[in-house]
Structures are given as C-alpha cells and as structure tokens.
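# Fold and contact review
The residues making up each chain are set out below.
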Amino acid sequence: MPRSFPSLLFMSFFAGMVVSCAPKNSTARQNPPLPEGIDTARVEPGHRGGVFIDSTPGEPSTFNPLVSEDATSGGFISLFLDSLVRNNAVTQEVEPGLALRWDIAPDHKTFTFHLRPGVRWSDGHPFSADDVVFTFQAIYDPRFPNRSAFDLSVDGKKFQVEKIDDLTVRLTSPEIFAPFLEYVGGVGILPKHELEPAFRDGTLLKAWNVSVAQKEPRRLVGTGAFRLRSYQPAERIVFEANPHYWRADAKGVRLPYVDFLVTKLVKDANASTLAFATGQTDAEGLSPDNVAWIDRYSSRYGFTVHNRGPSPNTGFVWFNQNPGKDASGKPFVAPHKLVWFTDRRFRQAVSHGIDREGLVRGVLFGRGQPLWGPETPANKKWYNPNVTRYPYDPARARALLKEAGFQWGSDQKLRDRAGNLVEFTLNTNQENQLRGNMATAFKENMRDLGITVNLSFLDFGTFVGKIQDSYDYEAGMLGLTGGGDPAGGISVFSSKGRLHQWYPNQKTPATPWEARIDELMSLQLRTLDYSTRRKYFDEVQKIMSDETPYIYLVTANAYVGLKDRWKNIKIPPLGSLVWNLDELWTPMLTP
Amino acid sequence: MTTFIFRRLAALIPMLLAVTLLVFALMSLAPGDFLTPVKAQRDINPTLIAELQKSFGLDRPWYEQYLRWLGNVLRLDFGYSWTYKVPVGQLIAQRAPATILLSLTSLLLAWALAIPLAVLAAARPGGWIDRLTSGAAYFALAIPEFFLALLAVWMAARTGWFPIGGLTSLDHDFLSPPYQILDIAHHLILPTLVLGLGGVAGMLRVLRANVLDVLRAEYVTAARAKGLTERVVLFRHVLRNALNPLLSTIGYAFAGLLSGSLLVENVMNYPGLGRLVYEAFIREDQFVVLGSVVVGCTLLIVGNLISDLALAWSDPRVRYGR
C-alpha cells in the first residue's frame, strides 16, 4: 500500500486536471429559416447560449407518451413533443400551440384546428394534419391500451378526427365535453413519418423505449423546444435546442435561448436537493422542511428560493364508511363504529378538534396553511374560498359530540350511547415523514377530546390494498395531488369512483349529498361555459366541506430554488418548476 | 473432465427452478404489486387498470404466472420490463458494462495489493510490514462497505479531488475519446477503492497464513539450499503453492461481478445494475427481478466451476474423475 496509494492519487489529479482543460467539441447551432407560422414570444429578447442543469430523482421509464404513467417520464416527453394547444401553467389558460387558432362550432362539440404553416419536425420533415390524425389513431387503437384513450373519450365513445386539408383538422366529441381543450392540450403530437412502421406492425408501445433513446436518440423526433441528444441510464439526459422549433423572440431569434438542457438522474429526492444546495444544479423544487438550511447557501452559489405559494397537494383524514362485508361475512368496519363514522356530527367534531395552525407551525415550520376543502388556493381557476371552515375549537367539538349522543366518563374518555369507548386505528403510509408527524399531532389533538387513536404505519402498497381491495381498516390519512380541471377529480368525488375512499365503487349513492355530488359532477362535464362549470364545482366543494367525508388538514407551500443568472423566468404555482424553459436566457461573459 | 463439467452445469437446472420459485412466491406474498402506484393516481380509469392487469397476467394466481414465465423461458424469452417496456436481457445488458467494469477494477486492485503485501508480511512474521498490514486488515474488515462508501463521498465533497458519484462528468459528451477515457478513470477511483479494500483485507489474511505454511515445507528449504535468491524462492516457489485456496474464491468473485456492488452503487450513485435491480425489487417489476436472479445464480455456478477447473490446473493433486 505505501507505494501504490500516492501514485493512484497522483493519477487522479492528473486525470482531473486534464479533464478540466480538455478541448470541447464544437457545439455551433444550425439555423434553418423560420417557419411562416412562427409564434413570437412576448418576452424581453435575450442572448442564445448556456446550459441549464437540473436533477431528478429516479429515472424516466420510457420516452413514449402512450406508455408513460409517471411524472418523471411525462416531464421529459413534454420537452420534445408539443401539442395542438398549450395549457399555460401560470395563467391556467389555453394558448395556441401547434395550432395557430381554432374555431368552436355552435354545437360546442366540433373543434376546427388551423395548424401553423411551415412547421417542421426536429429532423426537418414537414409537420402536417396527417401527423395529428395519426396521433389520435394510435391513441385509440385497441392494440395499444393507454391512458390518453380514456381521457379522450366520453362514456367510452371516442372523438372523431378528420383531416380537412394539410393544415386543418376537425375534432368532434360525441357529447359536449367540458375539458376538451385542456385534454387536447395534453396530447403530444406524434411524427407519422417516424412511428408509422411500428404502428403497422403493432410494436408501437415498444417504440421510443429507453434502449432506443440510449442508442439512437435522434429517432425521438419532436416539435418541442428541445430534442434528445443523449441518454445515459442512471446518469443524465442531455437535450439540445431543436433547430426547427416554431417560436422566436421579437428580434427574430429562434428559441430556445439555451443550447443544452442537462438533467442529472439521481437516486432520490434527498440527493437531488443536495445537488442544488451545493450549487451543482440550476433549479430544484424544495419541500418546506428544507427551505431554511438551503437558503443559507443562497449567496455562496448565487440562487434564490422562491415561494410558489400553496401547493396543489391536499392532506386529509377520513373514516371508512363502507357498510359491506368481506367474503367470510365479517363487516369491514365494526357496526358500532360505522354508526360514529357515518354521523356527520362526529366527523365535524373531529375536524373542530384538529389544531391546524399548530400543524402548520409544528410540522411545516410555518410554511403552509390550513385547508378546508378539496382544492387548494394553488388551483386559482377552480378553488372555492367560501367553503365551511372548522377552526380549532375543542368546546364546539365537545358540544357536537354531546349532541350526537356521546358522553365522557369519569376517566375523561369518550363513550358512545351504548357505552363503547371511542377508539380507532388511523393508518398512514410510512414513507412520508411529514405525514407521519401530522398523524402523531392528530393523535394528541384527539386525546384532548377523550378519543383514543392508535397509529399504524403501513407500507404504501399495503395501504393502497386496504383502501381499494380489502377495505378492512377504520381510518386513514393520505394526500392527493389536486389542481387542474375538475374532470380529473371524478374518481374521487363520484360515488362510483375508485378513489371515493370513504366508500368506493358504490352501485347507487349511499346518501342524498353523494347523489347531489354525482349529479353536479356530470352537469359540470356537459357545458363549455366556465362560469356555469364553476358554479357546479363550487357547490361540490361546499358539500365536501359541509359533510366532511374527508377531514382536510393543511397544505404545504411549494418552493423552488433557482440560480439568479437566469432571466425571463416564469414560475407556475403548480406543475413544472419553470414554465417557460424555451424563453430562459443568461447573460454570458464573452472571452 | 467433460462429464464433470456437464454434471455441474446440469445441477444448475434444479437450483434455478428452486430459487426462481422462491423469489416468485416471496414477491407475490409482499403487499401490493407493480400496479399499486398507478392505482393510487386519481385520474386513471379503472378499465385501463383492469386491462393492464390482464396484459401483465396479474389477475391470475401466482403459480399460474410462474408457470407461464417458465414456459417463456424455455423458449429463451425472459420477458420484458413492465416499467421500461424493454426486454429484460436488453435492459441488463444496458447496465451490466458499468458494473462489470467496476467489479474488475476492484478485483484487480484487491489482487494487486493483497498478493505482494501478503508475501512480504509472511516473509518476516512479526516484522513492521506484517504488523502494519494485519492491523490495517483488521480495520478494513471491521468497516462495512456502505460506510466506507459514505466516507468516500464525504471526502470527495470536502476536498473536490474526486467527482461525487456517477461514472462520467456532465460535459462527457463533448470530450474527445482519450479525455472521455480519463474522465471515466477519474470517476472509477473512489468506488474501486471502496469495493477493493474490503477484498484486500480478506485475501491478505488467508494468503499470509498460506505463505507461512508453505514456507515451512521441505522443498522451500531445498530451494534455498540450491542457492536461489530469496525473491525467487518467495514469488516462484512459495506463492504458486500458497495461491491454491485463493483460486477457489474466484468463483465467488465471479458471481459478485454483477451483484456484489449493489450497496456501494446505490450509495455512490453509480450507474450500474445495482440501482436497476434495487428499483425493480421496490417496484415489483417481476421479470427484471427474476432475470437478475437467474443471471446471479448462473454466474455463481459457472464461477465455482471455473475456480474448480483453475484449481485442477494449478494443483497437480486435484483431479476430477468421472
């Protein structure tokens, strides 16, 4: 060892030195002429150049939008595939994308999209209506089961897609479908010239997999701001500017400004946060408990932690109200407990007994706010602030419990009419630290009311199994990512829904208020008028807060850390960290 | 000899059957399945979940799924990864080179350090080299690999001499080939040290004891009496005989080529098989798990076979009959 070790060290220095002053391959950008239908970005014109670096925990599982089910893969796909229209994450409005404009026929079911003339795919092939028709064909083909096929149909009936001419496409929905444009905005248009062979021989779901991305990145042809340059599994993904992108700035400089977009693939969220805190990456989403210590490095590495405001994530407690029995005839929930859980006053009392301000202070370090309904303020377009609130009020909670026939013994423990001790087991998943802390605080709050709560921390898989298959539990604590169009919440709100967790998959609504929610949810789906939809969905939120099947807790604020060198940044309240990657630029020192 | 090889290879079949059956049964006992995360998303249609369940065969009892997998394996189809939609073989081949590279460099480091040190230590038992190496060996054996890996990462972060994890730098794509090789070498140093040092300690102790044994043999005295220099005696006559027991450990090293670095890879963010297999276990991506188990078992058996053959070649007393 005495001889080999220093020489090894020396070698590494040598290697490190050589690498840092190695010559770079030329990275000059091509500059094909701008398309006729160019979209001019309304931003301060900047300079081209620079590399934007970020990191993501985990790995994309695919680059094929028909296969993608996770946010990581979806995020990468949206970098290189654009849609007919774009959902602006900052304004939450629908904007022109590959379609320059669109007309809605008086029947509110027929949409005619006029495509941008002169747009080309990243390989230079012209883009046309055939690509749009092909994309929908692929999505609806029963050989390729995928998520979009279900999102883009109404009661199992597909949209009709016709090509009018090379630059015009007509889409017709079988019924009036409220989130039509939003959902169309989520469909990345696929290149017919590249994927048709795989479509023909039935291997479309295997196209654009990680192996193709690694070996032939250029085959991932898109219209987005970037195109894939290289993919090293478990290391990084490098995107480069798409030379044929269809947006430019006011001076006629084609976007994106940045030359390269590098994403480090790290193993978990901690590693990702750490990479940002040590100045290695340009952007990172931060959880409330990390903000304070990371902010201390902001001047050393030149970044700022921006508060995005409330996140779209909800957290709640609910009681199992399923009156069914398992195969052996044993009820899922003990009958006397089912009586408590289905009593609205009991749920409201529990809600009044929770010190949400305390949760925000103790668990979220003051970086959050109490939550009273199914949407958080992050969902600007649909959030109803006028729902029923249950401020921390133990006296009110006790009054409600008394009204519902509960009483306290000399031991200060709560008992129901028949004298049963009020006690239940709250299940939650063990992976989420903040949620675990909230469960503990909840237990303390309930003890003050004389209610005994036993905590059970389960593996996420086990817990989901209980909620969706075996139903053998009393109470649960979980979160859901809300935000977006109300249509996305149907599986939660509708009594037939799979995630109607307190009593899922009901044949007929168990209560009048659940019947009313069902009615409202289908009404809001059948009109394009925002204010009408808003009225229906406001009522849904109001009922949810009145009946309180979910006892909402708090919502944490979301934070994003960003290096100060980037200009033109737009941070959306929900979704990706930076909404306008194509418009970012950085002043560079020229040698 | 050939029958011996055949017999050993034939023993693979029942073992693979038993091990894969066990893994499959354990996986089906574990709560949840591959589709659990999908089920927890609010905007996924139940019909799609049912369709996926059917296409993955998850709606069938576990023994039926196992038999179906077995049937496909007989046709040399190891299935495809549900996560990545890529054939399992292709996926393993994508990640294996990095792991093999690391295993080889660390094995090489272990042998290159352990052999000369052991001989030098045994040549003067109780001398300063001996005391120093055995002290260091005890120390190295006592430190778990993952802890050493954490120390290495911490050291890299503090000093900046080495990259923090990974196998290539951010600008790797833009370097010319010779610099790309240097870049990889630079990244390999720390993981190689971490994986190799534990091996050095173990081998050092075994080899030192063997060399001491052999040194007392009569033919060593004879060699010295012939007037051979001490160096020739030690490295030509003693070492060759003392190495035999170590040859039999090559088999395990061979098996460890693909699986041994799982922990270190995860701690050091190394882009090898370890992370892939770990994630596949967590996600219950059945065919990837089974595929990696099959590869691991096969390597173990083949590795042992190779070390047995190497032993027969190096030690004239060992012969395999029918």
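Below: a short report on this structure. (Residues numbered from 1 in each chain as written. Chains lettered and ligands numbered in written order. Predicted model: local features only at pLDDT ≥ 70, side-chain atom pairs only at ≥ 80, totals over all residues. Heavy atoms only, no water.)

## Side note on the pairing of strand 11 (residues 226-232) of chain A
Residues and elements named next belong to chain A. Buried residues dominate strand 11, accounting for five of its seven residues. As paired elements, strand 11 and strand 12 (residues 236-241) share six bridges and run antiparallel to each other. Paired with Leu228 across the bridge in strand 12 is Phe239. Connecting strand 11 to the antiparallel partner strand 12 that follows it, the hairpin turn spans three residues, and Ala234 within it adopts a positive phi of roughly 65 degrees. (Buried < 20%, exposed > 50% of the residue type's maximum accessible area, 1.4 Å probe, protein only. Helix = DSSP H or I, 4+ residues; strand = E, 2+ residues; numbered from the N terminus. Pairing = 2+ DSSP bridges.)

## Quick notes on the packing of aromatic side chains
Residue and element names in this part refer to chain A. Summed over all chains, the structure comprises 47 aromatic pairs over all chains. A ring pair is formed by Phe63 and Tyr231, whose centres lie 5.6 Å apart and whose planes are at 70 degrees; its orientation type is edge-to-face. Highlighted residues: Phe63 in the loop between strand 2 (51-57) and helix 2 (71-80) and Tyr231 in strand 11, separated in sequence by 168 residues. The pair formed by Phe63 and Tyr231 is uniform in burial state, with each residue classed as buried. Ring geometry for Trp318 and Phe463: centres 6.2 Å apart, planes at 20 degrees, overall stacked. On the criterion of sequence distance, the pair formed by Trp318 in strand 17 (residues 313-319) and Phe463 in helix 16 (residues 460-470) is long-range, its members being 145 residues apart. Both residues of the pair, Trp318 and Phe463, belong to the buried class. Through successive ring pairs, a cluster of aromatic residues spans Phe316, Trp318, Phe463, Tyr473, Trp502, Trp513, Tyr550 and Tyr552. (Phe/Tyr/Trp six-rings, centres within 6.5 Å; stacked < 30°, edge-to-face > 60°.)

## Focus: the environment of Gly57(B)
Residue and element names in this part refer to chain B. Its place among the elements puts Gly57 in the loop between helix 3 (46-56) and helix 4 (62-74). Relative accessible area serves as the criterion here: at 3%, Gly57 is assigned to the buried category. Note: C-alpha distance between Gly57 and Arg68 (11 residues apart in sequence) is 9.1 Å.

## Some points on the interface of chain B and chain A
Contact residues are listed per partner, giving 54 residues for chain B and 68 residues for chain A. Buried area between chain B and chain A, both sides added, is near 5400 Å², and the carbon and sulfur share of it is 61%. At the junction of chain B with chain A, the criterion picks out one salt bridge. At the boundary of chain B and chain A, one finds eight residue pairs in polar contact (both at pLDDT 80 or more). At the level of secondary structure, the elements contributing two or more residues to the side of chain B that touches chain A comprise helix 2 (36-39), helix 3, helix 5 (88-123), helix 8 (177-215), helix 13 (262-267) and helix 14 (273-283) of chain B. (Contact = heavy atoms within 4.5 Å. Buried area = accessible area lost by both parts, 1.4 Å probe. Salt bridge = Lys/Arg side-chain N within 4 Å of Asp/Glu carboxyl O. Polar contact = N/O pair within 3.5 Å; in protein donor to acceptor, adjacent residues only side chain to side chain.)

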